[in-house]
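Observations on the model geometry
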Amino acid sequence: MNPFDYRRAEDAAGAVATVAADPRAMFLGGGTNLVDHLKLGIVDPDLLVDVTRLLPDGVEPLPDGGVRIGAGMRNSDLAADPLIRRRYPVLSQALLSGASGQLRNAATTGGNLLQRTRCVYFQDVTMACNKRRPGSGCSAFGGYTRYHAILGASEHCIATHPSDMAVALSALDATVVVQGTDGERRVAMTELHRLPGDAPERDTVLRHGDLITAVELPDLPFAARSRYRKVRDRASYAFALVSVAAAVDLSDGVIREARIALGGVAHKPWRATRAEAELRGARPTEETLRAAAEAELAEARPVEGNEFKPTLARNTLVATLRDLVEEERTR
Ligand code: SF4
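Residues numbered from 1 in each chain as written. Predicted model: local features only at pLDDT ≥ 70, side-chain atom pairs only at ≥ 80, totals over all residues. Heavy atoms only, no water.

1. As for the nonpolar core
The tendency in soluble globular proteins is for nonpolar side chains to be buried side by side. Ranked by internal contacts, the top residues of the largest apolar core, which has 52 residues, are L78, I84, L91, L113, L169 and L217. The dominant element in this core, judged by the number of residues it contributes, is helix α8 (residues 164–171), at 6 residues. Formed jointly, this core draws a minimum of three residues from each of two domains, domain 1 (5–50) and domain 2 (228–329). Beyond its immediate sequence surroundings of up to four residues, L113 is in contact with H161, M165, A166, L169, V176, M189, L192, H193, I212 and V215. The next biggest cluster of nonpolar side chains, apart from the first, holds 28 residues, and it includes V248, A258, A293 and L324. (Core = buried A, V, L, I, M, F, W, Y, C linked by side-chain atoms within 4.5 Å. Buried < 20%, exposed > 50% of the residue type's maximum accessible area, 1.4 Å probe, protein only. Helix = DSSP H or I, 4+ residues; strand = E, 2+ residues; numbered from the N terminus. Domains from an automatic or database assignment. Contact = heavy atoms within 4.5 Å.)

2. A short note on the packing of helix α11 (residues 286–297) against helix α12 (residues 309–329)
For the pair α11 and α12, the least separation of the axes is 9 Å and the interaxial angle reads 140°. When the interaxial angle is binned, α11 and α12 end up oblique. Classified by chirality, the crossing of α12 by α11 is right-handed. Across the interface between the two elements, E286, L289, R290, A293, E294 and L297 from α11 touch P310, A313, R314, N315, L317, V318, L321 and R322 from α12. Residues of the contact of α11 with α12, tallied by class, amount to 8 nonpolar, 1 polar and 5 charged. (Axes fitted to C-alpha atoms, helices over the stretch in contact; angles between N-to-C directions. Parallel < 35°, antiparallel > 145°, perpendicular 65-115°, else oblique. Left-handed = near helix turned anticlockwise from the far one by under 90°. Nonpolar A, V, L, I, M, F, W, Y, C, P; charged D, E, K, R; others polar.)

3. Remarks on the site of the ligand
Neighbouring residues of the ligand: 14 residues in total, closest C119, C129, C138, C157 and I158. Along the lines of polarity and charge, the residues of the shell around the ligand split into 9 nonpolar, 4 polar and 1 charged. (Near = heavy atom within 4 Å.)

4. Here's the deal with the domain arrangement of the chain
Assigned domains of the chain: these are domain 1 (5–50) and domain 2 (228–329). Using C-alpha coordinates to define each centre, domain 1 is positioned 37 Å away from domain 2.

5. What about the sheet that holds strand β12 (residues 270–271)?
Pairing within the open sheet is antiparallel, and its 4 strands lie in the order β9-β10-β11-β12. Bordering the open sheet on either side are β9 (226–231) and β12, each of which pairs with just one other strand. Direction of pairing for strand β10 (residues 242–251) relative to strand β11 (residues 254–263): antiparallel, over a ladder of 9 bridges. Of the residues in β11, the one forming a bridge with A246 is I260. Each of β9 and β10 touches helix α5 (residues 89–96); the most contacted strand, β9, lies at about 25° to it. (Pairing = 2+ DSSP bridges.)

Structure representation (structure tokens):
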């Protein structure tokens, strides 16, 4: 590991100014991903600016009925928060399905959003990787692709985003509050992460020096009956092969509204707008649910080694929706 300076920031504006002024400076939150990257040689900062003590770390109700989550809130605290568990269970379930108890105790909300892909070639500095070193190539093609993308990928990168929490936040239409050198701005959660295109080194739309200070959830009453389902190779401490975050507003036997996002399938949490459109106004029959899943996965493009994923994603989506519909019917 190369030597670097460490500084504890006193306020958000100062932290942003310090990092923005130094191209090799980085923010340090819980460090659960960044410290691994330091040890692996994936990043080489000259300065880490510790923001853990200055970021808000609680959940507070907003006047419009939504809630604001401080970016410094630890994942375990957020998962256990009574208001989140009651009004947005999909978020609590997503958090508890990720990492381990020890990691959740350290990882922050803001850091969770910015964690980087676990593509094995990204993490191995001896391998070609366009995300780590632009223009060097992509070792995943023809390699180990079990956890790689089937939607929205490019010839330059087929990595997936690893966060479970981000999938739930995308389904919930969250907003990310960002402090930059020009002041505060708000970014829709669905727009925060990018598809790889020809610049896979950029995971998000954030600029160097931008600091996530909070995440806001809208007032969404039917999210009180939401669900996160994750399929993985072992029962815990594993990333998603496929995951589904969903909430369905069902009344008088008709789906009024649906919010769905998929994890483990794309370079960003994949908002399932086609499935949502299929479901809106429909009766929740098995055929309808399957048609929604078919519509969403119609453009799936697996590569050698992950051909099973479109079927897995379709079936996981249908199973999640079926569970939600059953729950509504028996309420
Ligand atoms: Fe790198 Fe993306 Fe290729 Fe993985 S899939 S090796 S992250 S360019």
